[in-house]
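Listed below are the residues making up each chain.
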Amino acid sequence: MLDLRSYACLGAALRDALDRFSSEVCLIEADRDREKVRLTYSDFKEIALPLARALEDADFDAGDRAAIIMTNQSKWLISAYAIFYCGGVLVPLDYKLSAIEHLQLLAHSKAKILIVEYHLWRAIMQSPDFQKIGTRIVLVTEAPLGADLAGAFRWEDFRRKGAPDFVLRQREDTACIVYSSGTGGRPKGCVLTHENYLEQCRALTAWYPFWPGVRYLSILPTNHAIDFMVGFIGPFVCGACVVHLRTLRPEFVRDAFVRYRITYVSLVPMIVKNLERGLRVKFDELPSWKRAFLNTMIATNKLLTRRRPKVKLSRMLLGSVHRAFGGELLALITGGAFMEPSTMQFFYDLGIPVVNGYGLTEAGTALTLNDLKPFRADTVGKPLPGVELRILNPDADGIGEVAARSATVMSHYLDDPELTLETIVDGWLLTGDLGRFDGNGHLQLFGRKKNMVVTEGGKNIYPEDIENVFDGLPVKEHCVFAANYIWPRKELGGEILVLVLRLEQNQHFDATLLEEISARNRRLPDFKRVGGYLIWDRDFPRTASMKVKRQVLGEEIGKSAERGAIVGL
Amino acid sequence: METAEKTLDEILTLAASHFKVPRERLSPDDDFFKALGIDSLQTLDLLTKLENHFQVELPDYELQGVSDFRTLAGKIQARL
């Protein structure tokens, strides 16, 4: 791999990687069982440079911002490289957000250029706020011929001949602005520097290196910190190959493992659990003698790998299971949300290590990772090289807020000095997560101090962002909380959002109101929906400017009501 | 060419049988996550069943934001 210490910016590292590994395959893109794209590093360069030249000719200068809203595909990475080549700042936006949210974040980031897939652009064009879009140049991928693009350019046509000038950036310059969520009230744009990414990449590849021939299956959205690093920067600076799938149907994902002999994949816990369920069903269908044989092999593997993984041995003992995953899988990487230890243990016992980690957008990709020496299902691993972690104000059990100091911690929140000051104190990032270290230096997490939930799909949901869906509800006032924020408990998982309602005097909660709440709830994407409601019999405490004092209200509710008072929706 | 109503009815029948829910418990405007007790990953399974049945291909993004049978039927009908 490249020695990243000698690079000042991501663009320079990627540029050298394209030359160093020119004949290696860097990208494969498949739609169902049809392979659509296969590019070597040299092919990638040939496609990216004319785009960079066209961006340059369109006055896209050093420090200018360009947003990408795309599902995982080759054009995402090609566009990102072209942006870095021009010295630009990348703003990767979550393609699963609504068109209104996309427009809000485009405005907040002041992106000069937007690169977007056609179906997402169509949704943005249909948004009532579309006319307010301030993005000057829009490039749309895969637009049908003759489609009305409202002045946008077709990505495929936006290219110019001639070598573009490479623009070198410094380590302290901004590389990306990544929104950790917060579209409704207060967008949280994490400003991450080239230093942040280069150091994160160095730390991760020190423990989990890539090399030419490794095939990484990119399933987590590339806009997410994990896939951006492990499904783009990491593999590219090591000459490895990234496999994109245009559909994430379970059967095509399963086929891809085998067809492309995948080496690594990152998955959110929800998908890992789904894989576990599928395997358990298959195991249960086996005739009893085969099942008994399998159990013996699993027990043997468990015994022989208790100190460290022995992949070759596991592949011999449990060949059919490993063949179903392509036969070359070294590890499932998981993160972004709480993962049940039993699921991790299930895979480890089959000889497929699950590499569990912990991180947040504000800290690049990961702060801790399981080093598999030995495998631990009950922790989120140890701090990565260069990461310092502290437990603030530990209680009698040693549990307190996790604070981090590292070269990977973001510079600041975009245009929000107040929030930055609250979040990074004396150089320490306050994560809002509660944890403690065990005697072996492993971090264990126990919950969150913040009013937010992290779904099994790895989405951060801030209650204030979804409150406006309930605006106008025929009640006196309403507020949304994470249940774990009101009733803290020292465990992760089982997180739900609760809608707290204060009814008008003499108002009764009736079926009409319930239907209204349910209908509004259904308008939200499934991962953002509230799980229940709670009737509160006092006025909400408010500030002089009439904002709800959330913390005070949360504490009042926590003292007077039990978690069991939540009525499920 | 199937009619929209027939498409919708077939979707309800297929969903009921695939997820082992009584057909009479499902109605067109139901939230299928709730009515079938499934997560977003399982809806992809349902989508595959429906694609095979109707012989159409629906990109994953077509399902984004769709949570009731009627809208889903509309998406399929548009491709028949």
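Residues numbered from 1 in each chain as written. Chains lettered and ligands numbered in written order. Predicted model: local features only at pLDDT ≥ 70, side-chain atom pairs only at ≥ 80, totals over all residues.

1. Observations regarding the overall build of chain B
Alright, step 1. On a plain count of helices and strands, chain B comes out with 4 helices and 0 strands.
Alright, step 2. Listed by position from the N terminus, the elements making up chain B come as α-α-α-α.
Alright, step 3. Relative to the 2.2 N^0.38 estimate, which gives 12 Å for 80 residues, the radius of gyration of chain B is 11 Å and therefore close to what a compact globule would have.
Alright, step 4. For chain B, buried positions account for 21% of its 80 residues. (Helix = DSSP H or I, 4+ residues; strand = E, 2+ residues; numbered from the N terminus. Rg over C-alpha atoms; globule rule 2.2 N^0.38 Å. Buried ≥ 20, exposed ≤ 12 C-beta atoms within 10 Å, placed from the backbone.)

2. Examining the overall build of chain A
Alright, step 1. Summing up its helical and strand segments, chain A has 18 helices and 28 strands in all.
Alright, step 2. Computed over C-alpha atoms, the radius of gyration of chain A comes to 24 Å, within 12% of the 25 Å expected from 2.2 N^0.38 for 569 residues, which places it in the range of a compact globule.
Alright, step 3. Taken along the three principal axes of its C-alpha coordinates, chain A extends 75 × 65 × 50 Å.
Alright, step 4. Of all 569 residues assigned to chain A, the portion counted as buried reaches 48%.
Alright, step 5. A fraction of 69% describes how many contacts in chain A between residues 6 or more apart in sequence connect residues 24 or more apart. (Contact = placed C-beta atoms within 7 Å.)

3. Quick look at helix 1 (residues 10-20) of chain A
Residue and element names in this part refer to chain A.
Alright, step 1. The buried fraction of helix 1 is high, at 8 of 11 residues.
Alright, step 2. Along helix 1, the residues classified as buried are Leu 10, Gly 11, Ala 12, Ala 13, Leu 14, Arg 15, Ala 17 and Leu 18.
Alright, step 3. Elements that come into contact with the buried residues of helix 1 comprise helix 2 (41-57), helix 3 (74-85), strand 8 (174-179), helix 6 (194-207) and helix 7 (225-238).

4. Focus: the sheet that holds strand 27 (residues 532-536) of chain A
Alright, step 1. Read across the sheet, 4 strands follow the order 25-26-27-28 (chain A) without closing on themselves; strand pairing throughout is mixed. Of all the strands in the sheet, just strand 25 (477-482) and strand 28 (567-568) of chain A have a single pairing partner and so form its edges. (Pairing = 2+ DSSP bridges.)

5. Digging into helix 5 (residues 118-125) of chain A
Residues and elements named next belong to chain A.
Alright, step 1. For helix 5, the complete set of buried residues consists of Leu 120, Trp 121, Ala 123 and Ile 124. All buried residues of helix 5 project into a common sector of 160° when viewed along the axis, lining one side.
Alright, step 2. Packing partners of the buried residues in helix 5 comprise strand 3 (65-69), helix 4 (99-109), strand 5 (113-117) and strand 6 (137-141). (Arc of directions from axis to C-beta.)

6. Section: the nonpolar core
Alright, step 1. Ranked by size, the top nonpolar core spans 193 residues in total, and within it A:Ala82, A:Leu90 and A:Leu332 carry the most contacts.
Alright, step 2. Element by element, the count of residues in this core is highest for helix 7 of chain A, at 10 residues. (Core = buried A, V, L, I, M, F, W, Y, C linked by C-beta atoms within 7 Å.)

7. Let's talk about the sheet that holds strand 1 (residues 25-31) of chain A
What links the strands of a sheet is backbone hydrogen bonding, and the strands pair in either a parallel or an antiparallel sense.
All names here are of chain A.
Alright, step 1. Taken in spatial order, the 9 strands of this open sheet run 2-1-11-10-12-13-14-15-16, and their pairing is mixed. At either end of the open sheet lies a strand with only one pairing partner, and these are strand 2 (34-40) and strand 16 (382-383).
Alright, step 2. With 4 bridges joining them, strand 1 and strand 11 (residues 241-245) adopt parallel strand pairing. Looking at the pairing, Ala 30 lines up with Leu 245 of strand 11.
Alright, step 3. On the sheet, helix 3 packs against strand 1, strand 2 and strand 11 and is oriented at approximately 140° with respect to strand 1. (Axes fitted to C-alpha atoms, helices over the stretch in contact; angles between N-to-C directions.)

8. Some details on the packing of helix 2 of chain A against helix 3 of chain A
Residues and elements named next belong to chain A.
Alright, step 1. Packing of helix 2 against helix 3 brings their axes to within 8 Å, and their N-to-C directions diverge by 50°. With respect to each other, helix 2 and helix 3 are oriented oblique. In terms of crossing hand, the pair formed by helix 2 and helix 3 is right-handed. Facing helix 2, whose interface residues are Phe 44, Ile 47, Ala 48, Leu 51, Ala 52 and Leu 55, helix 3 presents Ile 78, Ser 79, Tyr 81, Ala 82 and Tyr 85.
Alright, step 2. Considered class by class, the residues forming the contact of helix 2 with helix 3 number 10 nonpolar, 1 polar and no charged. (Parallel < 35°, antiparallel > 145°, perpendicular 65-115°, else oblique. Left-handed = near helix turned anticlockwise from the far one by under 90°. Nonpolar A, V, L, I, M, F, W, Y, C, P; charged D, E, K, R; others polar.)

9. Some thoughts on the confidence of the model for chain B
Alright, step 1. Looking at chain B as a whole, its pLDDT mean stands at 87, while 98% of the residues score no less than 70.
Alright, step 2. Under the prediction, the complex receives an ipTM of 0.79, its pTM being 0.86. (pLDDT = per-residue confidence, 0-100.)

10. Observations concerning the interface of chain B and chain A
Alright, step 1. Chain B puts 14 residues into the contact, and the matching count from chain A is 14 residues.
Alright, step 2. Ranked by residues supplied to the side of chain B that touches chain A, first place goes to helix 3 (residues 40-54) of chain B with 6 residues.
Alright, step 3. Partitioned by chemical class, the residues of the side of chain B that touches chain A number 5 nonpolar, 5 polar and 4 charged.

11. Focus: the domain arrangement of chain A
Alright, step 1. When its domains are assigned, chain A resolves into domain 1 (12-23 + 36-209), domain 2 (381-450) and domain 3 (460-568).
Alright, step 2. Using only C-alpha atoms to locate each centre, domain 2 of chain A and domain 3 of chain A end up separated by 28 Å. (Domains from an automatic or database assignment.)

12. Topic: the pairing of strand 25 of chain A
All names here are of chain A.
Alright, step 1. In terms of residue burial, strand 25 counts as a mostly covered element, since 5 of its 6 residues are buried.
Alright, step 2. Two strands pair when backbone bridges link them, and strand 25 and strand 26 (residues 497-502) are joined in this way by 6 bridges, in the antiparallel orientation. Looking at strand 26, one finds that Ala 482 is bridged to Leu 497.

13. Observations concerning unusual backbone geometry
Residues and elements named next belong to chain A.
Alright, step 1. Of the consecutive residues Lys 373 and Pro 374, the connecting peptide bond is found in the cis state with omega at 0°.
Alright, step 2. Here Pro 374 shows up in the loop between strand 15 (368-369) and strand 16.
Alright, step 3. A positive phi angle is found at Glu 142, which is not glycine, with a value near 55°.
Alright, step 4. The exposure class of Glu 142 is partly exposed, given the 15 C-beta atoms found within 10 Å.
Alright, step 5. Of note, the phi angle at Asp 415 is positive, near 55°, even though the residue is not glycine.

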